[in-house]
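Listed here are the chains, written in short residue letters.
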Amino acid sequence: MKLGKRWLPAHILVWTYAVLLVVPLYYFLASAFKSNDEIFAHPFAPPSSLGLGNFRTAFESADLGLAVVNSALVTLLSLALTLLLAIPASFALARSTGRLAGVVEKVFSLGFLIPTFAALFPTFLLAAATGLFHTRIFMVLFLPATALPLSVVILVQFMRTIPPEMEEAARLDGASTFAVLRHVYTPMCLPGIATVLLLNFLTFWNEYLYSLVIIGPDPAQRTVQVALPTLKSITGTDYGVLTAGTVLTLVPVWLVYTLLQKRMQQALVSGAVKM
């Protein structure tokens, strides 16, 4: 009984937090099936029907199908390039003990101190100078650069938890440095890699400012976050259609989180992430 009373405040806080999350989510999902009149007249009432009219209007008006493909293309290529650069860099830093390695690691950490908007104008000039302005290619090259500080810091901490004896055993079997990275470090760092993938996926998929400035509003190239606000002007601020479009853009996020959440939970529970 005493133990139960001690945990009572914690239970109250947890359930309060759950309600604060569930109520807005319910309102958000219910609004996707309502008209403007229903949203304003009965905001928390269940929708009268589960018709997909709002979703169809949002999909066709903003050309969300092509926008989702563009976002998926930019996000997946950026994630692949991020891992291609971050994993070897983290491997080298985790195995190094010299002062230079410490300096390089601190340089990566300094990336957290640069505000996103502060690099907008230099990035715009760089895109124009390279001839990649209004292209998705520049975003594929730019987004990994923004993700490397966090990715390297996380993966370095994971790789430092791997016992040196694992590498020594692989070396005795004749493994090269690349083989050690591929067959020893990478499999043992899968929770960390999943964490990096999930965090960067959320960042890349939801990126708006640079996509708007660099890629622009061209329907053939714009990402889903740039296409979504056009529903406000096209449909005359039909909040049901706008909400339905937002739900469509969140489905990929939910799918990726569902696939990677177990790996990320393993990373958090094991305490391997030491920021």
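Since the structure is predicted, the reported quantities are computational estimates derived from the model, not experimental observations.

(A) Representation of the nonpolar core in the model. Counting residues in each nonpolar core, the largest one holds 25 residues, and the members touching the most others are Leu-64, Met-139, Phe-142, Leu-143 and Leu-231. Listing elements by their share of this core, those giving two or more residues are α4 (64-95), α7 (136-159), α10 (190-205), α11 (209-215), α12 (224-227) and α14 (239-270). Ranked by the residues each element gives to this core, the list is headed by α7, at 6 residues. Excluding its chain neighbours within four sequence positions, the residues that come into contact with Phe-142 are Thr-123 and Tyr-210.

(B) Representation of the UniProt feature "transmembrane region" (unreviewed entry) in the chain in the model. As recorded in UniProt, the feature "transmembrane region" (unreviewed entry) lies at residues 12-29, 64-87, 107-131, 137-159, 180-202 and 239-260. Annotated as 100% helix and 0% strand, the span residues 64-87 places its first and last C-alpha atoms 33 Å apart. Along residues 137-159 one finds 100% helix and 0% strand; the C-alpha atoms at either end are 31 Å apart.

(C) How the structure looks around the side chain of Glu-167. For Glu-167, the position within the fold is in helix α8 (residues 164-172). By relative accessible area, which is 13% here, Glu-167 ends up buried. Side-chain polar atoms of Glu-167 contact the side chain of Arg-95, separated by 2.8 Å. Excluding its chain neighbours within four sequence positions, the residues that come into contact with Glu-167 are Arg-95, Val-180 and Tyr-185.

(D) Fine view of the pattern of salt bridges. Tallied over the full model, the rule gives 3 salt bridges. Between Arg-95 and Glu-167 there is a salt bridge, with the nearest N and O atoms lying 2.8 Å from each other. Pair noted here: Arg-95 is in helix α4 and Glu-167 is in helix α8, with a separation of 72 residues, a long-range link. With relative accessibility at 35%, the residue Arg-95 sits in the partly exposed group. The network of salt bridges with shared partners includes Arg-95, Glu-167 and Arg-171.

(E) Seen up close, a nonpolar patch on the surface. Where nonpolar side chains cluster on the molecular surface, the patch consists of Leu-100, Val-103, Val-104, Val-107, Leu-110 and Leu-113 and spans about 590 Å² of accessible area. Take Val-107: it is sitting in helix α5 (residues 99-109).

(F) Just the packing of α4 against α7, in detail. At a minimum axis separation of 7 Å, α4 and α7 run at an interaxial angle of 40 degrees. Taken together, the axes of α4 and α7 lie oblique to each other. Considering the relative orientation of α4 and α7, their crossing is right-handed. When the residues that make up the contact of α4 with α7 are grouped by side-chain class, the tally is 22 nonpolar, 5 polar and 1 charged.

(G) Local environment of empty space enclosed by the protein. With the rule as written, the count across this model stands at 1 cavity of 30 Å³ or more. When its volume is computed, the largest cavity comes out at roughly 50 Å³. Around the largest cavity, the lining residues are Ser-71, Val-74, Thr-75, Met-139, Leu-143, Phe-204, Trp-205, Glu-207, Ser-211 and Thr-223. Elements that contribute at least two residues to the lining of the largest cavity include exactly α4, α7 and α10. Here the element with the most residues in the lining of the largest cavity is α4; it accounts for 3 residues. Residues of the lining of the largest cavity, tallied by class, amount to 5 nonpolar, 4 polar and 1 charged.

Scoring rules and cut-offs
Residues numbered from 1 in each chain as written. Predicted model: local features only at pLDDT ≥ 70, side-chain atom pairs only at ≥ 80, totals over all residues. Heavy atoms only, no water. Core = buried A, V, L, I, M, F, W, Y, C linked by side-chain atoms within 4.5 Å. Buried < 20%, exposed > 50% of the residue type's maximum accessible area, 1.4 Å probe, protein only. Helix = DSSP H or I, 4+ residues; strand = E, 2+ residues; numbered from the N terminus. Contact = heavy atoms within 4.5 Å. UniProt positions renumbered as here; feature names shortened; annotations may be inferred. Polar contact = N/O pair within 3.5 Å; in protein donor to acceptor, adjacent residues only side chain to side chain. Salt bridge = Lys/Arg side-chain N within 4 Å of Asp/Glu carboxyl O. Patch = residues over 30% accessible without salt bridge, like charges linked within 9 Å, V, L, I, M, F, W, Y side chains within 5 Å. Areas by Shrake-Rupley, 256 points an atom, 1.4 Å probe, with all protein chains shown as cover. Axes fitted to C-alpha atoms, helices over the stretch in contact; angles between N-to-C directions. Parallel < 35°, antiparallel > 145°, perpendicular 65-115°, else oblique. Left-handed = near helix turned anticlockwise from the far one by under 90°. Nonpolar A, V, L, I, M, F, W, Y, C, P; charged D, E, K, R; others polar. 1 Å grid on protein atoms, 1.4 Å probe; cavity = no way out; pocket = protein on both sides within 12 Å on 5 of 7 lines; lining within 4 Å. Points joined across faces, edges and corners; volume = space filled by probe spheres on them.

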